[in-house]
Amino acid sequence: MASSYNAKEEDGHHSGAAGHGGAGADKSRKPDNTAFKQQRLPAWQPILTAGTVLPAFFVIGLIFIPIGIGLYVTSNNIKEFEIDYTGVDSKSECYACARNFSWNSTTPCTCSMNFTLEQPFESNVFMYYGLSNFYQNHRRYVKSRDDSQLNGDPTALKDPSKECEPYRTSEGLPIAPCGAIANSLFNDTLELHYVDSNGTKLEIPLVKKGIAWWTDKHVKFRNPNGNTNLTVAFQGTSKPVNWGKPVYELDPLDPENNGFINEDFIVWMRTAALPTFRKLYRIIQKKSSTTPTLPSGRYILSITYNYPVLSFDGRKRMILSTISWMGGKNPFLGIAYITVGSICFFLGVVLLIIHHKYDNRNTSADIPN
Amino acid sequence: MLRRRLNRLLGGDERRVDSRTVYVGHRSSPDSEGFIPPKFCDNRIVSSKYTVWNFLPKNLFEQFRRIANFYFLIIFLVQVIVDTPTSPVTSGLPLFFVITVTAIKQGYEDWLRHKADNEVNKYLVTVLEDGQRIRKESEKIKQVGDVVEVEEDETFPCDLILLQSSRDDDTCFVTTASLDGESNHKTHYTVPDTEKDLESLSATIECEQPQPDLYFVGRMHIYKNNQEPIVSLGPENLLLKGATLKNTQKICVAVYTGMETKMALNYQGKSQKRSVVESINAFLLVYLCILVSKALVCTTLKYVWQGKPGQDEPWYNEKTQREKDTNLYLKMFTDFLSFMVLFNFIIPVSMYVTVEMQKFLGSFFITWDKDFFDNEIKEGALVNTSDLNEELGQVEYVFTDKTGTLTQNNMEFIECCIDGFQYKHRDASSELDGFCVTDGPVSKLQQKAGREKEELFLRALCLCHTVQVKESTEPCLDQVDGLNNQVDGLGIDGDGLGIDGALSHLEEQRGFIASSPDEIALVKGAMYGFTFLGLESKTMKILNRNNDVEYELLHVLNFDPVRRRMSVIVRSSSDTLLFCKGADSSIFPRVRQEEVERIRLHVERNATLQEGYRTLCVAYKLLSAGEYAQADAGLREARLALQDREEKLMAVYNQVETGMSLIGATAVEDLQEEAAETMEALQGAGMKVWVLTGDKMETAKSTCYACRLFQKSTELLELTVRTLDDENRRREEKLHDLLLDYHKKAVQDAPPVKEGVTSWSSSQDYGFIVDGASLSMILNSSSDSSNSRYKNLFLQICQNCTAVLCCRMAPLQKAQIVKMVKNSKGSPITLSIGDGANDVSMILEAHVGIIKGKEGRQAVRNSDYAIPKLKHLKKLLLAHGHLYYVRIAHLVQYFFYKNLCFILPQFLYQFFCGYSQQPLYDAAYLTMYNICFTSMPILAYSLLEQHICIEVLLDNATLYEIAKNAMLRWRPFLYWTVLGLFHGLLFFFGVWYLFYNPALQDNGQVFGNWSYGTIVFTVLVFTVTLKLALDTRHWTWINHFVIWGSLAFYVFFSFFWGGIIPFLSQQRLYFVFANMLSSVSAWLVIILLILLSLLPEILLVVFRKPRGPHSRQ
């Protein structure tokens, strides 16, 4: 609200007409003749007309449909096998374990399930565990962690964040790793045996490396004091209340996979987006190019049943899956692409017809003008 | 005297006293022992709101008084107090941003005000102190009672009483151009009986306390020789601050200073105008309802869900002790608040700041427009209120003042008609004949009236006026002499060269001062043959060809609006002459009838249909000695009469001014440049133009014709005193009948407007003329029932007329009319344009007030926009206004849309996370979405978009019409909301289907909840930005830069936040974005969703018929 309070401006103006002082002042008052200030910047003025959009529709259709078909085929070629081992059903092998679960039991309950693979799994097979109705994305749960503690910060180790409540301290000692997420670490042990034609059980080697994000394993999660002597490093801390063993005993055999940088732990710490989720458990590497990784036949899944889910009506699954360039089996993308591509193509055709007719009408209507 | 002082001492507060006493020169009066200087405020003008010290608290207080800011403050406080899903930063930062930007803007505006104040306060004035002249800054006039000396062309520093003038007749001339825009000179008088020696003057002035109305009453006590003469003071002695002195040097005494000056008092209390875009408040309410209902739904569902066994507190996710202890209902309430906070982004904080910024920056384009720059006054457009830019695009009614707005106060002599032959003054450049004959009355081309007549006519113009010649500061007689010779050869035959050059020379040296501008125009017009040199002690000097002629001025028969003519009686060497000029209607009956017809033709043509010139007829009469003696005696007697002086004078005037012979008529150009084109364009744009003027009907009507507001085919409906005066019936009855009659004609018989087809061209146009008296009868009718009925009838008639002319209006009535229309059905947007103080009331009343013109700097302050010329109105409305309306409408709708589809996925996510208020997006994204990622493109759009380019808009006025705020009505709002819903649903569920199997990488690793949010957010940012890109019709490099730039910035920021920098490695988003990009599926789903979201948009664009010519061809 530029205001000029009195006629002083006018005065300067009058004198300015005579003297030259005013000329400069006048010039500055005159708006600059720049393209920007005059709103005359050179501009591209695209007009979307049927003529320009029609080819786009066809092109989209032509690109999307093949991609969609490719995705769909890829997804269909992915082999996936899923087995629920919760033990809800009384006929289920794990029924007893599920029923008799108690936090205090010292001896782990084990059960095993038989299943048959109809088709051989050719490439690397990825073994997932799946949980249902498990709200890893609950706000109270998601925030209940201390990232700086997990990053190896010694002060956070001794004094975890308030967010970890009520899993922050136990018996006066700070919990490492603190928080609800860590506390509820999935601790079932799954083993896979192949029953060959002779009836002998062959244990299938499960690789536990490479299941977590590389950056998580190598940057985000760090043990305090490096990896030297974790027992000392975690001294003065308490194990999470629901854990059977402290964090430095997660994988005593491999120091690169122990403590906070245990990959099972890291995978668990990446909270799932939806209440039904799967997490990578193990990888079954392809041994030779000639034999399939998992030939078709009978298998036994041995479970050390430590993880109770019935209390919240949850389910536990074991999933075997091969992986393609697009990830795991998911027909959604393929179908979506095919649909969208078809719609575009169809619209293109419809538009072409309409446009053709409309154009004729338009030109004929233009003539009288 | 004693009582008054006691009063002051006891009361303390000066305002309780109803008058103030000013000691001239601070000299105590002889009888008052122990002079106590009264306390008055100093002469500092303060229009600024803040000082450096109180800026922060005061500005914050002002800002939080706004309901929106307050709302966001509450949200922020809730976040701080209650355990909410998002950190207080997410809403605190935008709020801080908004507050800061607004504070900076207001600070800048206040700084400008400080600057303006300083300019006034540091203005140098001469103060007389103890007999010495001291130059001081204006603000240092400490005291009321200081004696100030003002010189020519200086501005009065405060309200002054004129004590002494350098002119002999104790007068001074003043222009109040900067106060009320009137450029004519006003005469003020010194206080009578003051001594010439001011140093010994000892006096007190007693006057009212400061008050805004311009009336002034006071008394002055002068003490000399123990006498105490009391002189009364009136408005003619008071010189107002801000006015400029012309012609004299004089000395005055300050009575009111600083903030107590009448100007400052008048300035206060300008009401704040609000734009209709504030109709977004209704949209806001809808969104607030959506917000509350979302929060309610979530809270309810949460407790329903928690009621199921095992869900509220599974073993893996126990509550903290504090949560367990909290009362259930309190928890419900805090849950509700948490949801509110989570979804509060749906009501965008940043919309306010973007709208503010858009308006603020947008107004620069108006001031920058060089088309608004006027070379004469060296000024461009001025924007006083940036809030109303878009209103300019919605105007339905234009109220314009006539004098000085449609017409120019600077009149120009265009042509004259002598004895039936027409003479035209051509442009100097076209032909060097200053004065040449164009056509005779009936194709008697190249014929001229007799030379005698010509001379007589010019002499009449030269003598019959009350113009005064302003003494030039350096009289250079040589040059005048030189001019004599030059002018010599020129004469009316016009065969000389360089007359214009000579004239302009002459004009430079000689200023004319007159009470009405057309007199000057006529005197200047007469310069083609005669030059008026001045009036010296009853003698008029005229430079005729090569010799000075002196006429003795015997009598001036002054102009008055009833007679509508004026005369002078002069005596030349030989005989006594009476010259008379006046309106045709008042002259024609008084001249010999045979002369009339030839001139009437010209007069009528000029006055009405074509040019709309202001015409005056000139007549003369040779007075014999006897006649003169009789007239002289009559006049003297009448002037000395004590009773009924006016009437007696009138009688004599009428008696003298008879039997004259008509010489000719003059036409003075008065119309503003391109007034007719502008008015036509406005009408073409669907605006109804009303002319509100204080002028009489005839002139106003001719102006209307000239502006093509009335066409030849327009049927005029008149509702004036003239039509109402019917000897048989009372005025009220007649009014009633006329109103009904007109209503029937204009409203009922009018063919119903068919959709789409413009039938108005075929049907009859109506023009409506109403005058002040009739209007007050309509508005202030005695009985209440008929009052409102008349008002309705009147309004309906007016609304069906293409143009309405209201003449003889008081300023207040102008405002009344504006108010009436403004509050009528559909509350149309009104615009008032005027140029002076008498228009201020209607300018303040209308939605948009525009001041036109070079003068009236104070009136400018009351306006919202100021443009130098009327013709600029066209571009201001058709181009700027229209564009700003489209821009801001799009801006507002887009903002709601983008926040709806921003927050909807977050809402949907609640159904999948146990209603736990888990945010879908990371806090950084929540905060930055509206500030950084999506704010700049829409701001650039709203400043630069030209959906139709300016030239096309100017050429096709019809493009202007957007019916009744159409782009901010519920339909487009609904469209945008549905679009937002569609996009939000698509984003969320598209990704949801993808996350059916979260193993999305080719190494079998899985994605978590933050990846989910990041994918949705990426799709969101891209879609929302590209949607805007699709809507952009005018891609300048800025648009390109900002649109692609903010997308690039989003990607860059995500990488950065995702932990390229080591210290962010503890972030929960650590490498989430990079990992997402490494997944082919994520890429595919992002592309798919963006495309799918924009598909309907593209389809719509294709199907929508392209409207109007878009390109520049």
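Definitions and limits used
Residues numbered from 1 in each chain as written. Chains lettered and ligands numbered in written order. Predicted model: local features only at pLDDT ≥ 70, side-chain atom pairs only at ≥ 80, totals over all residues. Heavy atoms only, no water. Helix = DSSP H or I, 4+ residues; strand = E, 2+ residues; numbered from the N terminus. Buried < 20%, exposed > 50% of the residue type's maximum accessible area, 1.4 Å probe, protein only. Contact = heavy atoms within 4.5 Å. Areas by Shrake-Rupley, 256 points an atom, 1.4 Å probe, with all protein chains shown as cover. Buried area = accessible area lost by both parts, 1.4 Å probe. Salt bridge = Lys/Arg side-chain N within 4 Å of Asp/Glu carboxyl O. Nonpolar A, V, L, I, M, F, W, Y, C, P; charged D, E, K, R; others polar. Disulfide = S-S within 2.5 Å. UniProt positions renumbered as here; feature names shortened; annotations may be inferred. Pairing = 2+ DSSP bridges. Axes fitted to C-alpha atoms, helices over the stretch in contact; angles between N-to-C directions. pLDDT = per-residue confidence, 0-100. Phe/Tyr/Trp six-rings, centres within 6.5 Å; stacked < 30°, edge-to-face > 60°. Lys NZ or Arg CZ within 6 Å of the ring centre and 35° of its normal. Expected span 1.5 Å × (residues − 1). Patch = residues over 30% accessible without salt bridge, like charges linked within 9 Å, V, L, I, M, F, W, Y side chains within 5 Å. Domains from an automatic or database assignment. Polar contact = N/O pair within 3.5 Å; in protein donor to acceptor, adjacent residues only side chain to side chain. Core = buried A, V, L, I, M, F, W, Y, C linked by side-chain atoms within 4.5 Å.

### Details of the overall build of chain B
Working step 1: The secondary structure content of chain B amounts to 37 helices and 34 strands.
Working step 2: By the burial criterion, 59% of the 1113 residues in chain B qualify as buried.
Working step 3: Contacts in chain B between residues at least 24 apart in sequence constitute 74% of all its contacts with a sequence separation of at least 6.
Working step 4: Accessible area for chain B stands at about 45400 Å²; split by element, carbon and sulfur atoms hold 56% of it.

### Here we look at the environment of Q394(B)
Working step 1: Examined against the element boundaries, Q394(B) turns out to sit in the loop between strand 14 (382-383) and strand 15 (395-401).
Working step 2: Spatially, the C-alpha atoms of Q394(B) and L878(B) are 9.8 Å apart, while their sequence positions differ by 484 residues.

### Some words on the interface of chain B and chain A
Working step 1: On the side of chain A, 103 residues touch chain B, which itself brings 124 residues to the contact.
Working step 2: Regarding the contact of chain B and chain A, the summed buried area is about 10100 Å², with carbon and sulfur atoms giving 59% of it.
Working step 3: With a closest N to O distance of 3.4 Å, R140(A) and E323(B) form a salt bridge.
Working step 4: Tallying contributions element by element places helix 37 (residues 1080-1103) of chain B first for the side of chain B that touches chain A, with 14 residues.
Working step 5: A per-class count over the side of chain B that touches chain A returns 56 nonpolar, 40 polar and 28 charged.

### What about the state of the cysteines?
All names here are of chain A.
Working step 1: Going through the model one piece at a time under the given rule, you end up with three disulfides over all chains.
Working step 2: Two residues share a disulfide in this structure: C94 and C111, whose sulfurs sit 1.9 Å from each other. Disulfide C94-C111: torsion about the S-S bond near 85 degrees, hence right-handed. Separated by 17 residues along the polypeptide, C94 in the loop between strand 1 (80-84) and helix 4 (95-99) and C111 in strand 2 (residues 109-117) bring together distant segments of the chain. For the pair C94 and C111, one class covers both residues: buried.

### Focus: the UniProt feature "binding site: Mg(2+)" (unreviewed entry) in chain B
Residues and elements named next belong to chain B.
Working step 1: Mapped onto this structure's residue numbering, the UniProt feature "binding site: Mg(2+)" (unreviewed entry) falls at D401, T403, D835 and D839. The greatest C-alpha distance among the annotated residues, which extend across 439 residues, is 10.3 Å, indicating that they converge on a single site.
Working step 2: In this fold, D835 is placed in the loop between strand 32 (829-834) and helix 27 (837-845).
Working step 3: Take D835: its relative accessible area is 6%, and that puts it in the buried class.
Working step 4: On the secondary structure map, D839 appears in helix 27.
Working step 5: When neighbours within four sequence positions are excluded, D839 is seen to be in contact with D401, K814 and G834.

### Observations regarding the sheet that holds strand 6 (residues 189-195) of chain A
Where strands meet in a sheet, backbone hydrogen bonds hold them as pairs that are either parallel or antiparallel.
Residues and elements named next belong to chain A.
Working step 1: Taken in spatial order, the four strands make up an open sheet running 2-9-6-7, and their pairing is antiparallel. Whereas interior strands pair on both sides, the edge strands pair on one side only; in this sheet they are strand 2 and strand 7 (201-203). Strand-to-strand twist across the sheet, computed as the mean angle between neighbouring axes with direction ignored, equals 30 degrees.
Working step 2: One ladder, built from nine bridges, connects strand 2 with strand 9 (residues 297-305); its direction is antiparallel. Looking at the pairing, N114 lines up with I300 of strand 9.

### Quick word on the confidence of the model for chain A
Residues and elements named next belong to chain A.
Working step 1: Scored by pLDDT, chain A has a mean of 83; 89% of the residues are at 70 or more.
Working step 2: Confidence drops under a pLDDT of 50 for residues 1-27, and excluding neighbours within four residues, the segment shows 46 contacts in the predicted structure.
Working step 3: Contacts for the low-pLDDT stretch residues 363-369, under 50 throughout, to residues beyond four places or in other chains number zero contacts.

### Here we look at the packing of aromatic side chains
Residues and elements named next belong to chain B.
Working step 1: Counted according to the given criterion, the structure contains 94 aromatic pairs over all chains.
Working step 2: For the ring pair Y921 and F1017, a centre distance of 5.3 Å and an interplane angle of 65 degrees mean the geometry is edge-to-face. Of this pair, Y921 sits in the loop between helix 29 (872-910) and helix 30 (923-933) while F1017 sits in helix 34 (residues 1009-1031), placing them 96 residues apart in sequence. Residue Y921 shares its accessibility class with F1017, and that shared class is buried.
Working step 3: Taking the centre distance of 5.3 Å and the plane angle of 90 degrees together, the rings of F1055 and F1073 count as edge-to-face. Within this pair, whereas F1055 is found in helix 35 (residues 1037-1060), its partner F1073 is found in helix 36 (residues 1072-1077), the two being separated by 18 residues in sequence.
Working step 4: Judged by relative accessible area, F1073 falls into the buried class, the value being 3%.
Working step 5: If you follow K294 out to its NZ or CZ, it ends over the ring of F343, 5.8 Å from the centre.
Working step 6: Stacked on the ring of Y929, the Lys or Arg K898 has its end atom at 5.4 Å from the ring centre.

### A closer look at helix 26 (residues 811-822) of chain B
Working step 1: Over its twelve residues, helix 26 of chain B extends 17 Å from the first C-alpha to the last, a length consistent with the 16 Å expected when each residue adds 1.5 Å.
Working step 2: Of all the residues in helix 26 of chain B, the buried ones are Q813(B), K814(B), A815(B), I817(B), V818(B), M820(B), V821(B) and K822(B).

### Some remarks on the sheet that holds strand 3 (residues 125-132) of chain A
Residues and elements named next belong to chain A.
Working step 1: If you trace the four strands from one edge of the open sheet to the other, you get 1-10-3-8, paired in antiparallel fashion. A strand with exactly one partner marks an edge of an open sheet, and here the two such strands are strand 1 and strand 8 (277-284). The sheet shows a mean angle of 20 degrees between the axes of neighbouring strands, taken without regard to direction.
Working step 2: For strand 3 and strand 8, the ladder comprises seven bridges, and the chain directions are antiparallel. Following the sheet pairing, F126 is matched in strand 8 by I283.

### Brief notes about a nonpolar patch on the surface
Residue and element names in this part refer to chain B.
Working step 1: A contiguous nonpolar patch, built from F70, I74, L77, V80 and I81 and spanning about 460 Å² of accessible area, is present on the exposed surface.
Working step 2: Along the chain, V80 turns up in helix 3 (residues 67-81).
Working step 3: Taking relative accessible area as the criterion, V80 reaches 48% and is therefore assigned partly exposed.

### A short note on the domain arrangement of chain A
Often, the extent of an interface is quoted as the loss of accessible area on bringing the components together.
Working step 1: Each domain of chain A was delimited in the assignment, giving domain 1 (50-78 + 329-358) and domain 2 (83-323).
Working step 2: If you average the C-alpha positions of domain 1 of chain A and of domain 2 of chain A, the two centres end up 42 Å apart.

### A word on the UniProt feature "active site" (unreviewed entry) in chain B
All names here are of chain B.
Working step 1: Residues given the UniProt feature "active site" (unreviewed entry) here are D401.
Working step 2: Tracing the chain through its elements places D401 in strand 15.
Working step 3: Excluding residues within four positions of it along the chain, D401 makes contact with L406, L692, T693, K814, I833, G834, D835, D839 and M842.
Working step 4: Among the polar contacts listed, one links the side chain of D401 to the side chain of K814, at a separation of 3.1 Å.

### What about the environment of Q311(B)?
Working step 1: By the secondary structure assignment, Q311(B) is in the loop between helix 7 (280-307) and helix 8 (321-325).
Working step 2: By relative accessible area, Q311(B) is classed as buried at 9%.
Working step 3: Between the alpha carbons of Q311(B) and T385(B) there is a distance of 58 Å; along the sequence they are 74 residues apart.
Working step 4: Setting aside chain neighbours within four positions, we find Q311(B) in contact with N133(A), Y135(A), F312(A) and W305(B).

### Examining the confidence of the model for chain B
All names here are of chain B.
Working step 1: Per-chain confidence: chain B averages 75 in pLDDT, with 72% of residues scoring 70 or above.
Working step 2: Note on residues 426-447: pLDDT is under 50 here. Beyond four places in sequence and across chains, it has 36 contacts.
Working step 3: Note that residues 1107-1113 has pLDDT below 50 and, in this model, 15 contacts with residues that lie over four places away or in other chains.
Working step 4: Here the prediction assigns the complex a pTM of 0.78, and the interface score ipTM is 0.90.

### Quick notes on the nonpolar core
Working step 1: Residues F115(A), F265(A), W268(A), L320(A), F995(B) and F1017(B) are the most contacted members of the largest nonpolar core, which totals 195 residues.
Working step 2: Looking at which element gives the most residues to this core, the answer is helix 29 of chain B, with 17 residues.
Working step 3: Apart from residues no more than four positions distant in its own chain, F115(A) is found in contact with F81(A), I83(A), L192(A), G297(A), R298(A), Y299(A), I300(A), L301(A), M318(A) and L320(A).

### Digging into the UniProt feature "transmembrane region" (unreviewed entry) in chain A
Residue and element names in this part refer to chain A.
Working step 1: What UniProt calls "transmembrane region" (unreviewed entry) maps, in this numbering, to residues 47-73 and 332-354.
Working step 2: A helix fraction of 89% and a strand fraction of 0% characterise residues 47-73, whose end C-alpha atoms lie 39 Å from each other.
Working step 3: Taken as a whole, residues 332-354 contains 100% helix and 0% strand, while its terminal C-alpha atoms sit 32 Å from one another.

### Some remarks on the side chain of T1025(B)
Residues and elements named next belong to chain B.
Working step 1: Within the fold, T1025 resides in helix 34.
Working step 2: Within the structure, the side chain of T1025 is placed 2.7 Å from the backbone oxygen of V1021, a separation counted as a polar contact.
Working step 3: Sequence-distant contacts of T1025, defined by excluding residues within four places in its chain, comprise Y894, F933, T934, P937, I1043 and L1047.

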